[in-house]
Structures are given as structure tokens and as C-alpha cells.
Amino acid sequence: LGRSREAVYRLYQLGLAYRVSGDEAYAARAEEEMLAIAEFEDWNPSHFLDTAEMTHAMAVGYDWTHDYLSEASRAAIRGAIIEHGLTPGLDAYEGRASAWWVWAENNWSQVCHGGLMIGALAVADDEPELAETILKEGRRRLHVAMDGFAPCGGWVEGPGYWGYATRYLVYLLAALESALGTDFAIGAFEGVDRAGHFRMHVASQADRTFNWGNNSPGGGGAAQLYWFAQRFGEPAFAWFHEDRMGRPDARDLLWYEPRDQAGTPELALDAYFEGVEAAFFRGSWEDPDALYAGFKGGFNHENHNHLDLGNFVIDALGVRWAMDLGPDDYNLPGYFGAQRWEYFRLRTESHNTLLINGENQSPSAEAPIVAFRSGGDLAYAVADLAEAYEEVPEMRRGLALIDRNKVLVQDEFEAAESVEAEWGMMTDADVRIDGGHAILEKDGETFQARILEPADAVFTVEDANPDPPERQHENAQRLMIRIGGVDNARIAVLLWPGEGGADAPELRPLEDWIAGAD
């Protein structure tokens, strides 16, 4: 896959440099790269993402340098696209090769079908029947995954896989429109027009994402937001990408369009994404020190997700205080199989949620957001976690942003019998504890937590790294509250930035939160 992605990067840069400058040195180097790739024995169809990305890379290079290439080079490159890309894809479509991805509902769908369809467009003049078949079969199967954007543009696999899926979706839509003048209404699927909003809200002002599941917290821009901004008339998408952009690449130049709007656009501070069951809250879009909180219910059974219903992250003062450790090494034995829920980073205990009797949440559980409110001085969401724990038939968690500078996390549960409950929050800050008060320090900044209820509960802290070869995180700790022998409880924790104190809010039952929601 790394080889394929390097090919995508090189052929986009070389191809665009040639188209813009007319300097044949760029086309010559692209030709050299493509002829080398054409000599590969195969493009690793057993892991079809590799094949699809390489097919896409070769299709773009072939198309953008076509007028420079000799007939012999065209034939070699075109032949490789057909032999190593389209033929294995057609074998999968027509059942001659085992390929679960042909009906995938996750990011594999956009990448695999999109890569093949772009390859088909590139060779359509010479192989019209093959191209037509690939386009029809890919389009038919792609529809299955496109429902994942409905209704609000979110993506249940999290921000990194949103990026992967939308990147290949936009590659495909742009290629279809330029080659055929239509995208066959693929871009009209519900939620696609709002997908950029998800990418914006899932990131804090300090440019870290709420990286649940197998996602890393890195932020940055996403060049496909430029394309979304043009297609759907949303200049905020372009503003966000420009604000977070790292090193520009060919796609930025392809899809860039000057904006009339100067400064930060008018944007909601809070958002709930139905279907993903995640909510996001912030104090400001511009101030990197402002408080940010991401909160999720979600689906433990979805691809790339962990056992983390009720999980949250918090940024403030430019620092992530409540963190998600993210993925471990995909090559660990059984990481996507029988040993999946044995690995620490995937287990419930490594996430910012509740642990009951020391056991994982149910791998099949779902947790809907049952209430959401966006307001000036009070914004919140409530998730129903009843399916998560077999021993606890009634459980809800609420997360509220109060006065835009404090976070309240409130849990309420009723169990069939007495249970041991652990409230946990992952952090890599230095932690000092004084009973029910914790002071966190990192990068010269301070953050605090106080237990409001139960009144006699105290914080403890423990190391949060498993034994190697599982991945380590320097200074990772778990701030904890342990409550034993209870069949019902309310746990309320107030969190806020800075060295000063914070007024405790009046605690109200989560039922009242639900009644007062939008």
C-alpha cells in the first residue's frame, strides 16, 4: 500500500507539473515511474486497496502525460492497468475471485470501486467494453457504501477513514465529470453535500481530531474540501482547509478557487451527527486555547471501531487533556480477528468511559445520542449506553459544555445487582491528586477535574501502557474513580482549564437534560 500511495503522490505532482509548465522533463520522469510500475509482477490483489490505489495512480499518470508518451509506452502502461488492475477487479465483480470488498459498506468501497472506475475511464478509448463493464459494476456496488454519509455527512469509521473514503469519492466524481460530463448522481447521495461539516467539527481549534477507533489525532486540511466547497457552494469548507493546510499538493492547485469571504465564516459552535452518533462542542472557531469536547455514543460493531461507547476527548489551552490512544499495530496477531478485544487500545478500559465489573462493553452494542442541545451558555448531548453492559440494563451518559469554559460529564445507571464501576479518563499530563480533586499539568498549562458526586469518591491514577509488543504511549495515565458494591449511582465530574477554581453547576437528572434538548 505504501508503494501505491507513493505512486499516487509522484504521478499527481509530475503530471500536474507537466500540464502546467509544458516542461517535458516532468512527463519523462512520470513515464519512467509508470514503466517501472508496469513491470511489477502484480499490484497485490490479495489486499485490494493496494491494487485500486495503483490503478488510480497509473490512470492519472497515463491520462495527464498521454500526449507525450510514445505508442510503445502507452501500450505498456495501458496493458498494466488492464492486467494488474481492471482484470483482477472484473474477476472479483464476476465471482471468479473471492473478494469481500465488492459489497463493502466502509472505506474500501470508495477506494476499490473508485480506483477501478478511474482506471476504466483512462483506457476507455481503447477498451470500451471492458471500461463500460467496470463502470457499471463499480457504480452498482458503490451505492451500498454511499448510505454511510446519510443523513448528516458523518462517517462512522472516524475522521481518518472519512478522509480516505471522501478522497477517493472526490477523485471518482471529478474524473467522471471531466471525462463523461456526469457523475451518475453519485454525488447526490444524502449527506454527501454535508460531509465537509463533519471534517470541520471533528477537529479542535488546536488541530487535533476526535480520533475514536483506529484513528490518529493528527489534523491538517483535506484537499477534497476545496472540491466540496465548489460543488456544494460552501465556502466554509475552503476556509477550513486553507486554515489547516500543511504542505500543498497537486490537488490543492486543481481544486483551489479564490473565496470572496474574508475571515472566519459564521459557523455553529456545536454539532450532532446522526448516524455516527457523535457530538462536538467548542468555545470558539478561532481561539486555539478555547475549550473543545468531542463525545460519542456510536456502534461497537462497526469497522475500525473500539469498545468505547460514551468516549470523549477534551482540548483546552492548546493541549489535549482527555485523549484517545488510537490504534495499535494492524499486524498484531488477530488484530482484526479473534484476538481483537484482547488488545489494550481496543478494550473498554483504555477509553474515556465507564468500566463495569472490569469487563469490556458488548462488541455488538449500539449507543444512540438521545438528546442534543446547542446553546450560548449550555450545550450538551446524552447517550443511551444500555446495550453496552449486560449487568446494567439502564445507563446514560451526558456531556455538557457550560459557559463555554467547563465540561460536565454525568453518568447515571441502575443495575440488576451490585456492580463495581470504574470511571476512567486517559491523559498524558502530569497528575496530582487531592481526594476528589485532580490537577493536570502539561506544556506549561493547567487543567483540573473535581468529583461532584458521589461526594465521598476520590481520584486515583495508574499507568496506562500495556506490555510490549503492544504500542506504548509515553506518560499515558488513567485518571480513575472506583465505586464498589452499588446497584445504582450518579457519577458527576467537572473539568475545566486554568489554575483558578470553577463554580459547580446544580446537578439535574439526565431525564431533565433530555426534556430540555433541542
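This structure is a prediction, so every number in the text was calculated from the model and none was measured. (Residues numbered from 1 in each chain as written. Predicted model: local features only at pLDDT ≥ 70, side-chain atom pairs only at ≥ 80, totals over all residues. Heavy atoms only, no water.)

Student: Looking at this model, I keep getting lost on the sheet that holds strand E6 (residues 319-322). Mind explaining?
Tutor: The pairing of strands in a sheet comes from backbone hydrogen bonds and takes either a parallel or an antiparallel form. One open sheet holds the 5 strands; their spatial order is E1-E2-E3-E5-E6, and the pairing between them is antiparallel. Edge strands, defined here as strands with exactly one partner in the open sheet, are strand E1 (271-273) and E6. Here the strands of the sheet are splayed against their neighbours by 15° on average, with no regard to which way each runs. Two strands pair when backbone bridges link them, and strand E3 (residues 292-296) and strand E5 (residues 312-316) are joined in this way by 4 bridges, in the antiparallel orientation. The residue of E5 that forms the bridge with Gly 294 is Val 313. (Pairing = 2+ DSSP bridges. Helix = DSSP H or I, 4+ residues; strand = E, 2+ residues; numbered from the N terminus. Axes fitted to C-alpha atoms, helices over the stretch in contact; angles between N-to-C directions.)

Student: Sorry if this is basic, but what is going on with helix H9 (residues 224-232) here?
Tutor: Given 3.6 residues to a turn, an α-helix orients residues that are three or four positions apart in the same direction. Of all the residues in H9, the buried ones are Gln 224, Leu 225, Tyr 226, Trp 227, Phe 228 and Ala 229. Lining the buried residues of H9 we find helix H7 (159-180), helix H8 (195-201), helix H10 (235-244) and helix H11 (250-255). Gly 233 lies just past H9 and shows a positive phi near 60°. (Buried < 20%, exposed > 50% of the residue type's maximum accessible area, 1.4 Å probe, protein only. Contact = heavy atoms within 4.5 Å.)

Student: Explanation requested: the side chain of His 304 in the structure shown.
Tutor: Its location among the elements puts His 304 in the loop between strand E4 (298-299) and E5. Within the structure, His 304 has its side chain in polar contact with the side chain of Asn 303 (distance 3.5 Å). Residues contacting His 304, with those up to four places away along its chain left out, are Asn 107, Glu 157, Tyr 161, Gly 213, Asn 214, Tyr 330, Phe 336 and Arg 340. (Polar contact = N/O pair within 3.5 Å; in protein donor to acceptor, adjacent residues only side chain to side chain.)

Student: How should the packing of helix H2 (residues 24-38) against helix H3 (residues 48-64) be read in this particular structure?
Tutor: In helix packing, the relevant descriptors are the interaxial angle and the interaxial distance, both defined with respect to the helix axes. Contact geometry for H2 and H3: axes closest at 10 Å, N-to-C directions at 140°. On the basis of their axis angle, the class for H2 and H3 is oblique. The crossing of H2 and H3 is left-handed. For the pair H2 and H3, contact is made by Met 34, Ile 37 and Ala 38 and by Met 54, Met 58, Gly 61 and Tyr 62, respectively. Residue classes in the contact of H2 with H3 are distributed as 6 nonpolar, 1 polar and no charged. (Parallel < 35°, antiparallel > 145°, perpendicular 65-115°, else oblique. Left-handed = near helix turned anticlockwise from the far one by under 90°. Nonpolar A, V, L, I, M, F, W, Y, C, P; charged D, E, K, R; others polar.)

Student: Can you help me understand unusual backbone geometry in this one?
Tutor: Trans is the prevailing form of peptide bonds, just as negative phi is the prevailing case for residues other than glycine. With omega at 0°, the peptide bond leading from Glu 453 into Pro 454 counts as cis. Tracing the backbone shows Pro 454 in the loop between strand E15 (445-453) and strand E16 (459-463). The residue after Pro 468, namely Pro 469, is reached through a cis peptide bond having omega 15°. Locating Pro 469 in the fold gives a position in the loop between E16 and strand E17 (477-497). With a phi close to 75°, His 304 is a non-glycine residue in the positive phi region. Residue Arg 404 is not a glycine yet carries a positive backbone phi of 65°. Structurally, Arg 404 can be placed in the loop between strand E11 (394-402) and strand E12 (406-427).

Student: Any chance you could explain the nonpolar core here in plain terms?
Tutor: Soluble globular proteins tend to pack their nonpolar side chains together in the buried interior. By size, the foremost hydrophobic cluster in this structure holds 98 residues, and its most contacted members are Met 58, Trp 101, Trp 162, Phe 198, Phe 228 and Phe 280. The element contributing the most residues to this core is H7, with 13 residues. Counting residues in hydrophobic clusters, the runner-up holds 53 residues, among them Ala 322, Ile 451, Ala 457 and Leu 495. (Core = buried A, V, L, I, M, F, W, Y, C linked by side-chain atoms within 4.5 Å.)

Student: Which parts of the structure should I look at to understand the packing of aromatic side chains?
Tutor: Each aromatic ring pair is characterised by the separation of its centres together with the angle its planes make. Summed over the entire model, instances satisfying the criterion amount to 32 aromatic pairs. For the pair Trp 239 and Trp 285, a centre-to-centre distance of 6.3 Å together with 75° between the ring planes defines the contact as edge-to-face. One end of the pair, Trp 239, is in helix H10; the other, Trp 285, is in the loop between strand E2 (278-282) and E3, and 46 residues separate them in sequence. Residue classification places Trp 285 among the buried positions, given a relative accessible area of 7%. (Phe/Tyr/Trp six-rings, centres within 6.5 Å; stacked < 30°, edge-to-face > 60°.)

Student: Sorry, what's going on with the pattern of salt bridges here?
Tutor: Close approach of charged atoms allows side chains with opposite charge to pair. Applying the stated criterion to the full structure yields 32 salt bridges. Between Asp 91 and Arg 96 there is a salt bridge, with the nearest N and O atoms lying 2.9 Å from each other. Notably, a salt bridge pairs Glu 511 with Arg 396, separated by 2.6 Å at the nearest N-O pair. Taken as a pair, Glu 511 in helix H12 (residues 510-515) and Arg 396 in strand E11 lie far apart in primary sequence, 115 residues in all. Its relative accessible area of 27% is what places Arg 396 among the partly exposed residues. (Salt bridge = Lys/Arg side-chain N within 4 Å of Asp/Glu carboxyl O.)

Student: Where do I start with the environment of Tyr 380 in this structure?
Tutor: Within the secondary structure layout, Tyr 380 lies in strand E10 (residues 378-384). A C-alpha to C-alpha distance of 25 Å links Tyr 380 and Asn 214, two positions 166 residues apart in sequence. In contact with Tyr 380, not counting residues within four places along its chain, are Phe 281, Ala 371, Phe 372, Arg 373, Leu 399, Ala 400, Asp 512, Trp 513, Gly 516 and Ala 517. Reaching out from Tyr 380, the side chain makes a polar contact with the backbone oxygen of Trp 513 at a distance of 2.4 Å.

Student: Please explain the environment of Gly 233 as it appears in this structure.
Tutor: As for its placement among the helices and strands, Gly 233 is situated in the loop between H9 and H10. Owing to a relative accessible area of 58%, Gly 233 belongs among the exposed residues under this scheme. Counting along the chain gives 40 residues from Gly 233 to Asp 193, while the straight-line C-alpha distance between them is 9.2 Å.

Student: Got a minute to help me understand the side chain of His 201 in this structure?
Tutor: In this fold, His 201 is placed in helix H8. Every residue in contact with His 201, bar those within four places of it in the chain, is listed here: Ala 268, Asp 270, Ala 271, Phe 273, Phe 280, Arg 282, Trp 285 and Tyr 292.

Student: Can you help me understand the pairing of E12 in this one?
Tutor: Regular strands place their side chains on alternate faces of the sheet. For E12, a buried count of 16 out of 22 residues is recorded, marking the element as mostly surrounded by other parts of the structure. As judged from the 3 bridges shared by strand E7 (residues 354-356) and E12, these two strands associate in the antiparallel manner. Looking across to E12, one finds that Ile 356 is bridged to Ala 421. Bridge count for E11 against E12 is 9 bridges, and the pairing is antiparallel. Within E12, the position partnered with Leu 399 by the bridge is Val 409. The hairpin turn running from E11 into E12, its antiparallel successor, is 3 residues long, and Asp 403 in that turn takes a positive phi close to 55°. Bridge count between E12 and E17: 16 bridges; the pairing is antiparallel. Bridge pairing in E17 places Met 425 opposite Leu 479.

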